[in-house]
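# Inside the fold
Given next are the chains, with one letter for each unit.
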Amino acid sequence: MSDETYLDGNAAAGVLSEVFVVDVTTAVGQCAGCGRVGVFADTRVYVDAPGVVVRCVGCDSVLLRVVTGPDRRWVDLRGFAVLEIALPGG
């Protein structure tokens, strides 16, 4: 997907702030595909898909998908082996 236009992980902040209470862009995640560890803000975010697709910068695996319907939102995190989120005040 190198020929497509993408944004960095900060582009997903708005949609994810409606699901998570904390700022996910500062979370540290590990890709289940290649094992790369990095800050969520450093991912590649594609917003021209049906929903938001977040990909690993190391191997281009899908880390996260968010699809919004009229009355609900679906979040698929299966591309992350782990996502470490700092708690407020921590």
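Up top is the structure these notes are about.
Every value quoted in this text rests on a predicted model; they were computed, and no experiment measured them.

## A closer look at the overall build of the protein
A count of helices and strands for the protein gives 1 helix and 8 strands. Taken over C-alpha atoms, the radius of gyration comes to 12 Å for the protein, in line with the 12 Å a tight globule of 90 residues would show. C-alpha atoms of the protein, sized along the principal axes, occupy 40 × 35 × 20 Å. Considering the protein as a whole, with its 90 residues, one finds that 31% of them fall into the buried category. For the protein, restricting intrachain contacts to residue pairs at least 6 apart in sequence, the fraction spanning at least 24 positions comes to 46%. When the accessible surface of the protein is split by element, carbon and sulfur atoms take 53% of a total near 5,400 Å². Here the protein holds 7 positive side-chain charges and 11 negative ones, and the gap between their average locations is 6 Å.

## With respect to the packing of aromatic side chains
What the rule picks out here adds up to 2 aromatic pairs. Consider the rings of Tyr6 and Tyr46, whose centres lie 5.8 Å apart with planes at 55°: the pair is tilted. Of the two residues, Tyr6 is situated in the segment before β1 (7-8) and Tyr46 in strand β4 (residues 44-49); the sequence distance between them amounts to 40 residues. For Tyr6, a relative accessible area of 36% corresponds to the partly exposed category.

## Let's talk about the pattern of salt bridges
Going through the model one piece at a time under the given rule, you end up with 5 salt bridges. Residues Arg72 and Asp71 are paired through a salt bridge, measuring 3.2 Å at the closest nitrogen-oxygen approach. Under the relative-accessibility criterion, Arg72 is labelled partly exposed at 48%. Between Asp76 and Arg78 there is a salt bridge, with its nearest N and O atoms 2.9 Å apart.

## Quick look at the sheet that holds strand β7 (residues 73-76)
Here 5 strands make up an open sheet; going across it, the order is β1-β4-β5-β6-β7 and the pairing antiparallel. Edge positions in the sheet fall to β1 and β7, since each of these pairs with one other strand and no more. As paired elements, β1 and β4 share 2 bridges and run antiparallel to each other. Note that in β4 the partner of Leu7 across the bridge is Val45.

## Considering unusual backbone geometry
The phi dihedral of Asp60 falls on the positive side, at around 70°, and the residue is not glycine. Tracing the backbone shows Asp60 in the loop between β5 (51-55) and β6 (62-68).

Thresholds, definitions, all that
Just so you know, the residues in each chain are numbered from 1, in the order the chain's sequence is written. Totals for whole chains, interfaces and linings use every residue, but because this is a predicted model, local features are given only for residues with pLDDT of at least 70 and side-chain atom pairs only at 80 or more, for both listing and counting. As a convention, hydrogens and water are excluded, and side-chain values are obtained from all of the structure's heavy atoms. Helical segments are the DSSP runs of H or I of at least four residues, strand segments are the runs of E of at least two, and each set is numbered from the N terminus. Our radius of gyration is a C-alpha quantity, and the globule rule it is checked against amounts to 2.2 Å times the number of residues to the power 0.38. Summary of the burial criterion: residues with accessible area below 20% of their type's maximum are buried, those above 50% are exposed, and those between are partly exposed, where the area comes from a 1.4 Å probe applied to protein chains only. Only heavy atoms matter for contacts: two residues are in contact if any of them lie within 4.5 Å across the pair. In these tables, accessible area is a Shrake-Rupley quantity obtained with a 1.4 Å probe, and a residue counts as shielded only by the protein chains included in the view. A positive count includes Lys and Arg, and a negative count includes Asp and Glu. His and the chain ends are not counted in either. The atoms used to mark charge sites are NZ of Lys, CZ of Arg, CG of Asp and CD of Glu. Stacked, edge-to-face and tilted labels apply to pairs of Phe, Tyr and Trp rings (six-membered ring for Trp) whose centres lie within 6.5 Å, assigned for plane angles under 30 degrees, over 60, and everything in between, in that order. Salt bridge, as used here, is a side-chain nitrogen of Lys or Arg placed within 4 Å of a carboxyl oxygen of Asp or Glu. Should DSSP find at least two bridges between two strands, the strands are taken to pair.

Purely geometric numbers; function is a separate question.
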